[in-house]
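As a plain string of letters, each chain reads:
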Amino acid sequence: MTQNERPNWLTGAGVGALLMAALLAVLYAAAQIIGTPFAPFDLFDGLARVLPGSVIRFGIDAIVSIIAALNLEDTSRSAKTAEHILALLQFMVIGAAAGAVFFAALRRQAVPVPRWPGLVLGALLGLPLATLSAAINTAATALPLLGAAWIVAVFLAWGAALVVVYNRLAALPAADELPPASAHTLNRRQFLVRLGGATATITVVGAGVGALLGNAPESQAAAEGEAAPLAWSDSNPLPNASAAVAPAPGTRAELTPVSRHYRIDINSLPPVVREEDWTLSVFGQVENPLELTLAELRANYEPVDQFITLSCISNPIGGDLIGTQRWTGVPLKRLIEQVKPTINGGYVRIRTADSFHEVVPLNHVLNDERIMLAYDWDGLPLTIGHGFPLRIYIPDLYGMKQPKWIVSLEIHEEYEEGYWVRRNWDEAALVRSTAVIDTVAADSSIQQGEQRLVPVGGIAYAGARGISRVEVKVDEGGDWQPAQLRTPLSDTTWVIWRYDWPFTPGQHTFYVRCVDGNGVAQTERVSDTFPSGATGYHSRRQNL
Ligand SMILES: Nc1nc2c(c(=O)[nH]1)N[C@H]1C(S)=C(S)[C@@H](COP(=O)(O)O)O[C@H]1N2
Ligand SMILES: [Mo]
């Protein structure tokens, strides 16, 4: 009789995945509401940490190309979302695989199967995941032991539910058999549909409740329910407000709002550092090790402000992984002089709250006052995502050399490769000179006598080398014409340029190139972002 035919591995895969979807929703809601770790992100981050750099790069490149192909707005946010989705899919696959193996293994057992095999399976998944979360999660705010116990508990429940569903299915008539009219029972297909409905409900409710109640705060002040204070730029004009050259309409904002500044983190979620638990320790081969609270760092050293453009080495030519902000902090030199290194030369090893790390040569720090430990952006404490409570600025280097969430500085003789350097990115990571066309503002043309001029504009950036010249060419056979340069916010930011192009109708390609402040021209040779940053001229085709 078909009633005795056991549910097969395929059914197990489906049931495992359905139950996993519900488990994900419950994990998510708890993570949002009580701050327990979200295990899928920890597994994803753990894998990213141990997989070879080339695999990670392949993954990132694939995600970035898909984002570019889909024309999504904000590359760094879209990429994080894609990673989050992959982390969830990874758990769905684990759920399906475990369910398939489990149902296959139960085929020879007498029904009803006892609960313990499910609990064992739950423990086999839950214990390693709980251990991993305890070891690497830096975003959870709940006590680590509670977090670990919680993860084990939901996996035990998942395993137990698998047994309940198995027994239920084994007792029901197969999908193509109708239950006897008298019995108020279902066939297997009907039961599975109900199970799907129930797990979908849990998933939607869990995700909804988590999203509504959770709303991860952007800053510690927001987390403590304080009213949003005014940013510096809310009440101050930019220093170049009266510059003669105005940006062409459509040029990106000269000062990037913090909320729109790109973000690159190695982890799925940024580490949450609480000010009360944090100190900066400066130690190692020094006479006077130091330990400072954030308040001491703010009060004991004269703050310096600097407008700074930061770019990711993964920014493609014309990409949005670049931004400009007003950084406030302390020259690192002040602290180093105070601790009195006992070595000449050597390095400052920077450790952070995630497992990112980098080194800066001591001589470099002592010779460049601009190297800064920053605690504010736009006059407000760094947001959690941008490195609260402390990050470093080092002129001329891509973001990969500039740690956020700093917890300690160790003065040490020996060099040590940084996080991305170990993964084969450029050891020096000096920013490349690049120019980008943001806009061909045909709607904002200017009439000059008989001639209509169309403002073309964008940015050029060469780190602290500055920009001495930007040139624009229209169409393959055109001549390079000098663009006007707007006075920049500082000598460590991008420069906004504009070129008022004598309009001719038709399809045109616009090209741009720049020369840095030392007179070195941007290279025309096209190279990929890996390993040393993208090069080549930016161009833009437009039908006018
Ligand atoms: N601790 C830590 N610092 C970090 C990173 C990180 O993942 N962890 N990412 C780096 C990279 S690759 C870049 S491009 C910049 C990005 O800074 P932002 O996210 O504030 O734009 O931070 C850098 N500092
Ligand atoms: Mo980066």
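A few points on the structure. Residue numbering note: each chain is counted from 1, following its sequence as written. Chains carry letters and ligands carry numbers; both start at the beginning, A for chains and 1 for ligands, and go up in the order they are written. The predicted nature of this model means local features are confined to residues of pLDDT at least 70 and side-chain atom pairs, given and counted, to a pLDDT of 80 or more, with totals for whole chains, interfaces and linings taken over all residues. The basis for the side-chain values is all heavy atoms of the structure; hydrogens and waters are excluded.

Thoughts on helix 3 (residues 53–69)
Inclusion rule: Secondary structure elements are taken from DSSP: a helix is a run of H or I of four residues or more, a strand is a run of E of two residues or more, and numbering for both begins at the N terminus. Take the number of residues in a helix, subtract one, and multiply by 1.5 Å to get its expected span. Burial status follows relative accessibility: with a 1.4 Å probe on protein chains alone, a residue under 20% of its type maximum counts as buried, one over 50% as exposed, and anything between as partly exposed. Working note: the arc is built from the helix axis to C-beta atom directions. It only takes one pair of heavy atoms within 4.5 Å for two residues to be counted as in contact.
Counted at 1.5 Å a residue, the expected span for helix 3 with its 17 residues is 24 Å, and the 24 Å between its end C-alpha atoms agrees. Every buried residue of helix 3 is listed here: Gly53, Ile56, Arg57, Ile63 and Ile67. Burial along helix 3 is one-sided: seen end-on, the buried residues are contained in an arc of 130°. Facing away from the buried surface of helix 3 by more than 90 degrees, the exposed residues are Phe58, Ile66 and Ala69. Of the surrounding elements, those touching the buried residues of helix 3 are helix 2 (39–50) and helix 4 (75–106). A positive backbone phi angle near 60° is found at Asn71, which sits one or two residues after helix 3.

A few points about the environment of Pro531
Residue placement: Pro531 occurs in the loop between strand 18 (507–516) and strand 19 (538–543). Relative accessible area serves as the criterion here: at 32%, Pro531 is assigned to the partly exposed category. For the pair formed by Pro531 and Glu416, sequence separation is 115 residues and the distance between their alpha carbons is 18 Å.

Thoughts on the environment of Glu414
Tracing the chain through its elements places Glu414 in the loop between strand 10 (406–412) and helix 13 (419–422). Taking the C-alpha atoms as reference points, Glu414 and Val348, separated by 66 residues in sequence, lie 9.5 Å from one another. Filtering out sequence-adjacent residues up to four positions away, Glu414 remains in contact with Tyr347 and Arg349.

Description of the pairing of strand 6 (residues 357–361)
To be explicit about the condition: For two strands to be treated as a pair, DSSP must find no fewer than two bridges joining them.
Of all five residues that make up strand 6, four are buried, and the element is covered over most of its length. As paired strands, strand 5 (residues 347–352) and strand 6 are joined by five bridges and run antiparallel to one another. Paired with Tyr347 across the strands is Pro361, a residue of strand 6. Linking strand 5 back to strand 6 in an antiparallel pair, the connection comprises four residues.

Re a nonpolar patch on the surface
Applied cut-off: Exposure above 30% relative accessible area and the lack of any salt bridge qualify a residue for a patch; like charges then connect within 9 Å, and the nonpolar side chains Val, Leu, Ile, Met, Phe, Trp and Tyr within 5 Å. Using a 1.4 Å probe, the Shrake-Rupley method yields the accessible areas, and only the shown protein chains count as cover for residues. By definition here, a salt bridge exists when the distance from a side-chain nitrogen of Lys or Arg to a carboxyl oxygen of Asp or Glu is within 4 Å.
Judged by side-chain polarity, Ile33, Ile34, Val205, Val209, Leu212 and Leu213 come together as a nonpolar surface patch covering roughly 570 Å² of accessible area. Counting residues per element, the ones that place at least two in the nonpolar patch are helix 1 (9–34) and helix 7 (188–214). Examining the composition of the nonpolar patch, we find that four residues originate from one element, helix 7, more than from any other. Tracing the sequence through the fold places Ile33 in helix 1.

What to know about the packing of helix 1 against helix 6 (residues 144–171)
Here is the rule we go by: With axes taken as lines fitted to C-alpha atoms, and helix axes fitted only over the stretch in contact, angles between N-to-C directions fall between 0 and 180 degrees. If an angle is under 35 degrees, it is roughly parallel; if it is over 145, roughly antiparallel; if it lies from 65 to 115, roughly perpendicular; otherwise it is oblique. Helix crossings get a hand from a simple test, with the near helix turned counterclockwise from the far one by less than a right angle marking a left-handed crossing and a clockwise turn marking a right-handed one. Each residue gets one label: Ala, Val, Leu, Ile, Met, Phe, Trp, Tyr, Cys and Pro are nonpolar, Asp, Glu, Lys and Arg are charged, and the others, such as Gly, are polar.
Between helix 1 and helix 6, whose axes approach to 10 Å, the crossing angle comes to 150°. Considering the angle they form, helix 1 stands roughly antiparallel to helix 6. The handedness of the crossing between helix 1 and helix 6 comes out as right-handed. For the pair helix 1 and helix 6, contact is made by Thr11, Val15, Gly16, Leu19, Met20, Leu23, Val26, Leu27 and Ala30 and by Trp150, Ile151, Val154, Phe155, Trp158, Ala161, Leu162, Val165 and Leu169, respectively. Among the residues forming the contact of helix 1 with helix 6, the class breakdown is 16 nonpolar, two polar and no charged.

Brief notes about the site of ligand 1
Keep this limit in mind: Distances are taken per atom, and a residue is near a molecule or strand as soon as one of its heavy atoms is within 4 Å of it. Any N or O atom pair separated by 3.5 Å or less is treated as a polar contact, with the protein-specific requirement of one donor-capable and one acceptor-capable atom, and with residues adjacent in sequence counted only for side-chain atom pairs.
Around ligand 1 sit 21 residues, and of these Ile266, Asp354, His386, Arg391 and Lys404 come closest. Contact distances for ligand 1 include 2.6 Å between a nitrogen atom and a side-chain N or O atom of Asp354. Arg391 has a polar side-chain atom sitting 2.7 Å from an oxygen atom of ligand 1. Isolated, ligand 1 exposes 530 Å² of accessible area, and the fraction of that covered by the protein chains is 99%. Classifying every residue of the shell around ligand 1 by side-chain character gives 11 nonpolar, five polar and five charged.

Some details on the environment of Phe503
As for its placement among the helices and strands, Phe503 is situated in the loop between strand 17 (495–502) and strand 18. Between the C-alpha atoms of Phe503 and Gly519, which are 16 residues apart in sequence, the distance is 30 Å. Among all residues touching Phe503, those that are not within four sequence positions of it are Gln451, Arg452, Val454 and Leu544.

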